[in-house]
Amino acid sequence: MKTERNILIAFLLNLFFSIFEFVGGIFTGSVAIVSDAVHDIGDAASIGIAYFLEKKSKKQPNSSYTYGYTRYSVIGSVITTLILLVGSIGVIYNAVIRLFNPAEINYNGMIIFAVVGVCVNFGAAFLTREGDSLNQKAVNLHMLEDVLGWVVVLIGAVVMRFTDFKFIDPIMSVSVAVFIFINAIKNLKEALDLFLEKSPHNMSVDEIKEHLLEIDGVLDVHHIHLWSMDGHSNYATMHIVTNKEPHHIKEAVREELSEHGIGHTTLELENENEHCDDKYCHVSFEAHPHHHHHHHH
């Protein structure tokens, strides 16, 4: 609930602010401010998308979305991040053009706008700092980056006011844009890993297998699949070979897995003379088949 409210506040702040910025940019003749306004409208749009998708991601599972809607929040993150990438490339492009033909700038107006910019965006970043979905992270990244952008514009405006180095304006834009670009790429990779069903980044299948084999009565574990819905709720499925009482084994396994941060598990139990008919059954993940031998107690 909190995450949603935060995103909505951020959206409205950004929308009003970017309109204010356009006026300011035209009034002061600073391209840093105008390109920031374009960037902010992009921000507002992507935050809007994030808001709706975050809302949707809270819906309960049903027969078509048996896992629930959590991944919608990740899609939000991908869209937001892509907009950021395109935006930062646009900013870099404009700034480079600007380096070769500097323009006149109203520095005093620029300083005033930058002060307001820092305050408004700092407020927004502060309001949206809580929440831990990837989507929320993408939104907060926008906010922080806006604050940074304005701090840089402010410092630049002050320096230019007293020295008349016009090229500071575009150089500032580029440095902020590069910073955004690098962070957005990281965010994108995280989201794509989720869609590719990669094992959650801090989990090793081999280590989990080792721990499970230490449980008394677990003879073998195969078919371990780990994945995550959104970077927080982690799922696992596996086959467990045991001759002990199943209820006890399942509890022990679930407990071990929850210590590894896996909350949702589906376990299939087999006894040792059952034939597991899957060809991957006896292949370990190190890519060399190992011969399966039963431990007799």
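Note: the structure precedes this text.
Analysis parameters
- Residues numbered from 1 in each chain as written.
- Predicted model: local features only at pLDDT ≥ 70, side-chain atom pairs only at ≥ 80, totals over all residues.
- Heavy atoms only, no water.
- Pairing = 2+ DSSP bridges.
- Helix = DSSP H or I, 4+ residues; strand = E, 2+ residues; numbered from the N terminus.
- Axes fitted to C-alpha atoms, helices over the stretch in contact; angles between N-to-C directions.
- Contact = heavy atoms within 4.5 Å.
- Phe/Tyr/Trp six-rings, centres within 6.5 Å; stacked < 30°, edge-to-face > 60°.
- Buried < 20%, exposed > 50% of the residue type's maximum accessible area, 1.4 Å probe, protein only.
- Lys NZ or Arg CZ within 6 Å of the ring centre and 35° of its normal.
- Parallel < 35°, antiparallel > 145°, perpendicular 65-115°, else oblique.
- Left-handed = near helix turned anticlockwise from the far one by under 90°.
- Patch = residues over 30% accessible without salt bridge, like charges linked within 9 Å, V, L, I, M, F, W, Y side chains within 5 Å.
- Areas by Shrake-Rupley, 256 points an atom, 1.4 Å probe, with all protein chains shown as cover.
- Salt bridge = Lys/Arg side-chain N within 4 Å of Asp/Glu carboxyl O.

Engineer: In this structure, what is going on with the sheet that holds strand β3 (residues 264-270)? I would like to understand it.
Structural biologist: Paired through their backbone hydrogen bonds, the strands of a sheet run either parallel or antiparallel. If you trace the 3 strands from one edge of the open sheet to the other, you get β1-β2-β3, paired in mixed fashion. Of all the strands in the sheet, the pair left with one neighbour each is β1 (218-228) and β3. Here the average twist between neighbouring strands, direction ignored, is 15°. As paired strands, β1 and strand β2 (residues 234-242) are joined by 8 bridges and run antiparallel to one another. Directly across from aspartate 220, in β2, lies its bridge partner valine 241. The strands that helix α8 (residues 246-259) touches are β1, β2 and β3; relative to β3, the one it contacts most, it runs at about 145°.

Engineer: Mind showing me how you'd approach the side chain of threonine 81 here?
Structural biologist: Structurally, threonine 81 can be placed in helix α3 (residues 70-100). Those residues within four positions of threonine 81 in sequence are excluded, and the remaining contacts are Ala138, Ala184, Asn187 and Leu188.

Engineer: How do you make sense of the packing of aromatic side chains when you look at a structure like this?
Structural biologist: To describe a pair of aromatic rings, one takes the distance between the centres and the angle between the planes. Applying the stated criterion across every chain, the model contains 6 aromatic pairs. Plain terms: the ring middles of tryptophan 227 and tyrosine 235 are 5.3 Å apart, the flat faces sit at 20° to each other, and that makes the pair stacked. There is no split in this pair, since tryptophan 227 and tyrosine 235 are both buried. These aromatic residues form a ring-pair network of at least three members: Tyr65, Tyr69 and Tyr72. One cation-aromatic arrangement involves lysine 56 over tyrosine 72; the distance from NZ or CZ to the ring centre is 5.1 Å.

Engineer: What am I meant to see in the packing of α3 against helix α6 (residues 168-195) here?
Structural biologist: Helix packing for two helices is described by the angle between their axes and how far apart those axes are. Packing of α3 against α6 brings their axes to within 8 Å, and their N-to-C directions diverge by 155°. Relative to α6, the element α3 is oriented roughly antiparallel. Between α3 and α6 lies a crossing of left-handed hand.

Engineer: Explain a nonpolar patch on the surface to me, please; I cannot follow it from the model alone.
Structural biologist: A grouping of Val96, Leu99, Phe100, Val151, Ile155, Val159, Phe165, Phe167 and Ile171 is seen on the molecular surface, where their side chains present a nonpolar patch of about 800 Å² in accessible area. Tracing the chain through its elements places valine 159 in helix α5 (residues 134-163). Taking relative accessible area as the criterion, valine 159 reaches 33% and is therefore assigned partly exposed.

Engineer: Hey, could you run me through the pattern of salt bridges in this one?
Structural biologist: Opposite charge on two side chains permits them to pair, given that their charged atoms come into close proximity. Using the criterion set out here, one finds 4 salt bridges in the structure. Aspartate 193 is paired through a salt bridge with lysine 189; the nearest N and O atoms lie 2.8 Å apart. Within this pair, aspartate 193 and its partner lysine 189 are both found in helix α6, separated by 4 residues, close to a single helical turn. Here aspartate 216 makes a salt bridge to lysine 244, at a shortest N to O gap of 3.4 Å. Of this pair, aspartate 216 sits in the loop between α7 (205-213) and β1 while lysine 244 sits in the loop between β2 and α8; the two residues are 28 residues apart in sequence, bridging distant segments of the chain. For aspartate 216, a relative accessible area of 55% translates into the label exposed.

Engineer: Help me understand the pairing of β1 in this model?
Structural biologist: Regular strands place their side chains on alternate faces of the sheet. Within β1, 10 of the 11 residues are buried, which leaves the element mostly enclosed by the surrounding structure. Between β1 and β2, which pair antiparallel in sequence order, lie 5 residues; one of them, glycine 231, sits at a positive phi of approximately 95°.

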